[in-house]
Amino acid sequence: MLNLNKKQNYDKALFNLSARIYDYLHLLSLANVNNDRAIEYILTHCDINNTYILDIGCGTGIWSSFFLPHCFKIHCIDFSEKLLKKAKNKLKYPKISFELLSAFDIDKYPENTFDIITASYFFHGFRTKERMDILTKIKFIGKKYLVVSDYGGNIPLIPKITIQKEGVLNGI
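Structure report, in brief. As a convention, each chain's residues are numbered from 1 in the sequence order in which they are written. The predicted nature of this model means local features are confined to residues of pLDDT at least 70 and side-chain atom pairs, given and counted, to a pLDDT of 80 or more, with totals for whole chains, interfaces and linings taken over all residues. Excluded from the side-chain calculation are hydrogens and water; included are all heavy atoms of the structure.

### Remarks on helix H1 (residues 6-18)
In step 1: Numbering of helices and strands runs from the N terminus; a helix is a DSSP stretch of H or I covering at least four residues, while a strand is a stretch of E covering at least two. Each residue after the first adds 1.5 Å to the expected span of a helix. Its 13 residues place the ends of H1 19 Å apart at the C-alpha level, agreeing with the 18 Å of an ideal helix rising 1.5 Å per residue.
In step 2: Using a 1.4 Å probe on the protein chains alone, a residue whose accessible area is under 20% of its type maximum counts as buried, one over 50% counts as exposed, and one in between counts as partly exposed. Within the span of H1, buried status applies to Lys7, Gln8, Asp11, Lys12, Asn16 and Ser18.
In step 3: Capping the start of H1 is the job of one residue whose side-chain oxygen sits 3.1 Å from the backbone nitrogen of Lys7: Asn5. By the criterion applied in these results, polar contacts are pairs of N or O atoms within 3.5 Å in which, for protein atoms, one can donate a hydrogen and the other can accept it, and in which residues neighboring in sequence qualify only through two side-chain atoms.

### Quick notes on the nonpolar core
In step 1: As used here, the term nonpolar core means buried Ala, Val, Leu, Ile, Met, Phe, Trp, Tyr and Cys residues forming a set that is joined through side-chain atoms within 4.5 Å. Judged by nonpolar contacts, the single largest core of 20 residues is most densely connected at Ile42, Trp63, Phe67, Ile74, Ile96 and Phe98.
In step 2: Considering every element that reaches this core, the biggest residue donor is helix H3 (residues 30-45), with three residues.
In step 3: A contact between two residues is defined here by any heavy atoms of the two lying within 4.5 Å. If sequence neighbours within four positions are ignored, Phe98 has contacts with His75, Cys76, Leu84, Ala87, Lys88 and Leu91.
In step 4: By size, the runner-up hydrophobic cluster in this structure holds 17 residues, among which are Leu54, Ala103, Ile117 and Phe122.

### Points about the side chain of Asp55
In step 1: Mapped onto the fold, Asp55 is located in strand E1 (residues 52-56).
In step 2: Here the positive residues are Lys and Arg and the negative ones are Asp and Glu; neither His nor the chain ends is included. For this analysis, a salt bridge means a side-chain nitrogen from Lys or Arg found within 4 Å of a carboxyl oxygen belonging to Asp or Glu. The buried charged residue Asp55 lacks any salt bridge, with Lys90 as its nearest oppositely charged partner at 10 Å.
In step 3: Non-local contacts of Asp55, meaning those with residues more than four positions away in its chain, are made with Trp63, Ser64, His75, Cys76, Ile77 and Thr118.

### Section: the environment of Phe98
In step 1: Of note, Phe98 is situated in strand E3 (residues 96-100).
In step 2: Sequence-wise, Phe98 and Cys58 are 40 residues apart; in three dimensions their C-alpha atoms are separated by 9.0 Å.

### Some remarks on the packing of aromatic side chains
Centre distance and the angle of the planes are the two values used to describe a pair of aromatic rings.
In step 1: Pairing of aromatic side chains here covers Phe, Tyr and the six-membered ring of Trp, requires ring centres within 6.5 Å, and sorts the geometry by plane angle: under 30 degrees stacked, over 60 edge-to-face, intermediate tilted. One pass over the full model with this rule turns up nine aromatic pairs.
In step 2: For the ring pair Tyr52 and Phe114, a centre distance of 4.7 Å and an interplane angle of 50° mean the geometry is tilted. Placement of Tyr52 in strand E1 and of Phe114 in strand E4 (residues 114-120) is noted, with a sequence separation of 62 residues between them.
In step 3: On the basis of relative accessibility, which here comes to 21%, the residue Tyr52 falls in the partly exposed class.
In step 4: Relative to Phe123, the ring of Phe122 lies with its centre 5.0 Å away and its plane at 80°, an arrangement referred to as edge-to-face. Assigned by exposure class, Phe122 and Phe123 land together as buried.
In step 5: Ring-pair connections join several aromatic residues into one group, and the members of that group are Phe104, Phe122, Phe123 and Phe126.
In step 6: Two thresholds decide whether a charge sits over a ring: the Lys NZ or Arg CZ must be within 6 Å of the ring centre and within 35 degrees of the ring normal. Over the ring of Phe126 we find Lys7, and its NZ or CZ is 5.7 Å from the ring centre.

Purely spatial values, then, with no claim about function.
So this is what it looks like as structure tokens:
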């Protein structure tokens, strides 16, 4: 069982609720265009062949699917049971594994476990202190690259409303 605070439980419920339409929302958003550019850059400028990748907040596995042909192994984590279940059903390959885990608990992995750690559309909903906590843990368990793809200030309406309600955009 995950040890989550009130905000994290709220977020988890929101992601579980949206799991059935998550991929469609992704296709309709700017995330799709930004991911394509990010993936192209990564494949061109980073050596990801034969690497062990951790995908934090994997959702339905959209981001992980881009890396599958190139890496040795991918481990996907998410705190939403329903998103993780969709990812498992879509990505049935021997070199991919899944775990129900909060990003706040990644320090369970030994130092330098993963060659590359990815976080696609993950960090925008966190306060600065929470981001720094996760990034500190990433630095410990990662070896080579941290790949982050996010909105960069152009947050679509629905996530923006949720984030504003929680006070994240105001740093509260």
